[in-house]
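Structure at a glance
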Amino acid sequence: MMLRFVTFVDGSNLDGVLKHLNLRVDDYGAFYRHVFEQSVHYWGRTFAEGSNWPTAQHSRIYWYVVGKMDEWDLNDPKAEARLRARFEVNPRLRDAYVEDVVRRHPDLSPERRMEEAWGLCFAETREWYDGKRRALERKKRFYHGVQSATDFVEIRQEGHWKVDLLHHTVNEKGLDTSLAVDMVALQDTYDIALLISGDADGIPGINYVKSRAKHVGVAEFRKGSPADFPAKGTSSRLKIAADFVVQVYESELLRRNLAYRAAEPDYQSSSSYGSADPSY
């Protein structure tokens, strides 16, 4: 008997975990092999303690990532006019920029202050948006390198950045939904599903595949080493819904050279599999 493991990865969750732990990963092949080995261990301890465990095969990794973002042509006067109209009816944002202009140029007339405030906001918005576009292109180059180098990892660019231009924020959409849908749709391809995700929205999918005699594990990345956690910690809804929890410890990732301390927070671009992580 061969037990087929499939791993479903919410890329943004993994990025966030690694940033929280201040870790970078160069070789994602080795990284995922370690997570798989730990998954087999924790599965066996839960379901096969005291008996011979079947052979386990890591069939595939589905890695869900952001592939696109809202498109804005900031050279289009109509686009700028729409943004300016929203700027002028947002008192908190507008007044913050006006106050900045007054500090720099106290002698300007009220009309000129508003013009300068909008000009400052628009310039910063353009710079921020261009930076996000470049970051997304770097991420996509990295994922293309991963996909080109191995058939074992399948990159699914299902996520979308919904941008709030004036407040310089992004809201990610689509990753968790696509992951949950595929976990159900692909149920015939695996016996055990491992999730690297922190989103409780996946719980209905977990419960469904469990009802179809599948086992589901959730990976939890922890600071320190096993000795730092002598007692059972608090459980999230996602961990409670799963059949077993895979503990992946920072100390083991470092000891096995599967990760290293992130010296700088900036993104390092890559065009090949086995290089710097795609966090942003």
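Since the model is a prediction, treat every value here as computed from it, not as a measurement.

**Considerations on the confidence of the model for the chain**
- Of all residues in the chain, 91% attain a pLDDT of 70 or more, and the chain-wide mean is 88.
- Across residues 265-280 the pLDDT falls below 50, and counting only partners more than four positions away or on other chains, this stretch makes 56 contacts in the model.

**Focus on a positive patch on the surface**
- There is a patch of like positive charges on the surface, built from Lys 78, Arg 82, Arg 86, Lys 162 and Lys 173.
- In terms of residue count, helix α3 (residues 77-88) provides more of the positive patch than any other element does, three residues in total.
- Secondary-structure assignment places Lys 173 in strand β5 (residues 169-173).
- Classification of Lys 173 by relative accessible area gives partly exposed; the value is 40%.

**A short note on the pairing of strand β7 (residues 215-222)**
- Buried residues dominate β7, accounting for seven of its eight residues.
- Strand direction decides the pairing type here: strand β6 (residues 192-196) and β7, joined by four bridges, are parallel. Counterpart to Leu 195 in the pairing with β7 is Val 218.
- For the crossover that starts at β6, traverses helix α7 (residues 203-211) and ends in the parallel β7, the hand is right-handed.

**A look at the packing of aromatic side chains**
- Taken as a whole, this structure holds 18 aromatic pairs when the rule is applied.
- Their ring planes at 40° and their centres at 6.0 Å tell us that Tyr 28 and Tyr 32 sit as a pair that is tilted. Highlighted residues: Tyr 28 and Tyr 32, both in helix α2 (residues 28-47), separated by four residues, approximately one helical turn. Comparing Tyr 28 with Tyr 32 shows no difference in burial state: the two are buried.
- Arranged with centres 5.2 Å apart and planes meeting at 55°, the rings of Phe 87 and Trp 118 form a pair that is tilted. In this pair, Phe 87 is assigned in helix α3 and Trp 118 in helix α5 (residues 110-149), connecting sequence segments 31 residues apart.
- The class for Phe 87 is buried, based on a relative accessible area of 0%.

**Section: the environment of Ala 30**
- Among the secondary structure elements, Ala 30 is positioned in helix α2.
- In the structure, Ala 30 is positioned 229 residues away from Ala 259 in sequence and 9.7 Å away in space, judged by C-alpha atoms.

**Let's talk about the environment of Tyr 190**
- With respect to the helices, strands and loops of the structure, Tyr 190 is situated in the loop between α6 (175-185) and β6.
- Taking the C-alpha atoms as reference, Tyr 190 lies 22 Å from Leu 14; in sequence the two are 176 residues apart.
- Residue contacts for Tyr 190: discarding those within four places in its chain leaves Arg 4, Val 6, Phe 8, Met 183, Val 209 and Lys 214.
- At 2.6 Å, the side chain of Tyr 190 and the backbone oxygen of Met 183 are in polar contact.

**Points about the side chain of Thr 7**
- Following the sequence through the fold, Thr 7 ends up in strand β1 (residues 2-10).
- In this structure, Thr 7 is in contact with His 58, Arg 60, Ile 61, Tyr 62, Leu 194 and Ile 196, ignoring residues within four places of it in sequence.

**Quick notes on the pattern of salt bridges**
- For the structure shown, the criterion picks out 18 salt bridges.
- Among the ionic pairs, Arg 104 bridges to Asp 100, the shortest N-O distance being 3.3 Å. Of the two residues, Arg 104 and Asp 100 both sit in helix α4 (residues 91-104), four residues apart, roughly one turn of that helix.
- Here Arg 156 ties to Asp 182 by a salt bridge, and the two come within 2.6 Å at their closest N and O atoms. Of the two residues, Arg 156 sits in strand β4 (residues 153-164) while Asp 182 sits in helix α6, which places them 26 residues apart along the sequence. The pair Arg 156 / Asp 182 is uniform in exposure class, with both members buried.

**Section: α4**
- Here α4 spans 20 Å end to end across 14 residues, near enough to the 20 Å set by a 1.5 Å rise per residue.
- Turning to α4, the residues buried within the fold contact α3 and α5.

**Some remarks on the nonpolar core**
- Counting 39 residues, the largest nonpolar core has Leu 14, Tyr 28, Phe 31, Tyr 32, Trp 63, Ile 196 and Phe 221 as the members making the most contacts within it.
- It is α2 that contributes the most residues to this core, nine residues altogether.
- Counting residues in hydrophobic clusters, the runner-up holds 23 residues, among them Leu 74, Leu 83, Val 101 and Trp 161.

**Overview of the sheet that holds β7**
- Read across the open sheet, the seven strands follow the order β5-β4-β3-β1-β6-β7-β8; overall the sheet is mixed. Looking at which strands have only one partner, the edges of the open sheet turn out to be β5 and β8 (244-249). For this sheet, the mean angle separating the axes of adjacent strands, direction not counted, is 30°.
- Two strands pair when backbone bridges link them, and strand β3 (residues 55-69) and β4 are joined in this way by eight bridges, in the parallel orientation. By the bridge assignment, Val 66 is partnered in β4 with Gly 159.

Analysis parameters
- Residues numbered from 1 in each chain as written.
- Predicted model: local features only at pLDDT ≥ 70, side-chain atom pairs only at ≥ 80, totals over all residues.
- Heavy atoms only, no water.
- pLDDT = per-residue confidence, 0-100.
- Contact = heavy atoms within 4.5 Å.
- Patch = residues over 30% accessible without salt bridge, like charges linked within 9 Å, V, L, I, M, F, W, Y side chains within 5 Å.
- Areas by Shrake-Rupley, 256 points an atom, 1.4 Å probe, with all protein chains shown as cover.
- Salt bridge = Lys/Arg side-chain N within 4 Å of Asp/Glu carboxyl O.
- Lys, Arg positive; Asp, Glu negative; His and termini not counted.
- Charge placed at Lys NZ, Arg CZ, Asp CG, Glu CD.
- Helix = DSSP H or I, 4+ residues; strand = E, 2+ residues; numbered from the N terminus.
- Buried < 20%, exposed > 50% of the residue type's maximum accessible area, 1.4 Å probe, protein only.
- Pairing = 2+ DSSP bridges.
- Right-handed = clockwise from strand over helix to strand, strands pointing away.
- Phe/Tyr/Trp six-rings, centres within 6.5 Å; stacked < 30°, edge-to-face > 60°.
- Polar contact = N/O pair within 3.5 Å; in protein donor to acceptor, adjacent residues only side chain to side chain.
- Expected span 1.5 Å × (residues − 1).
- Core = buried A, V, L, I, M, F, W, Y, C linked by side-chain atoms within 4.5 Å.
- Axes fitted to C-alpha atoms, helices over the stretch in contact; angles between N-to-C directions.

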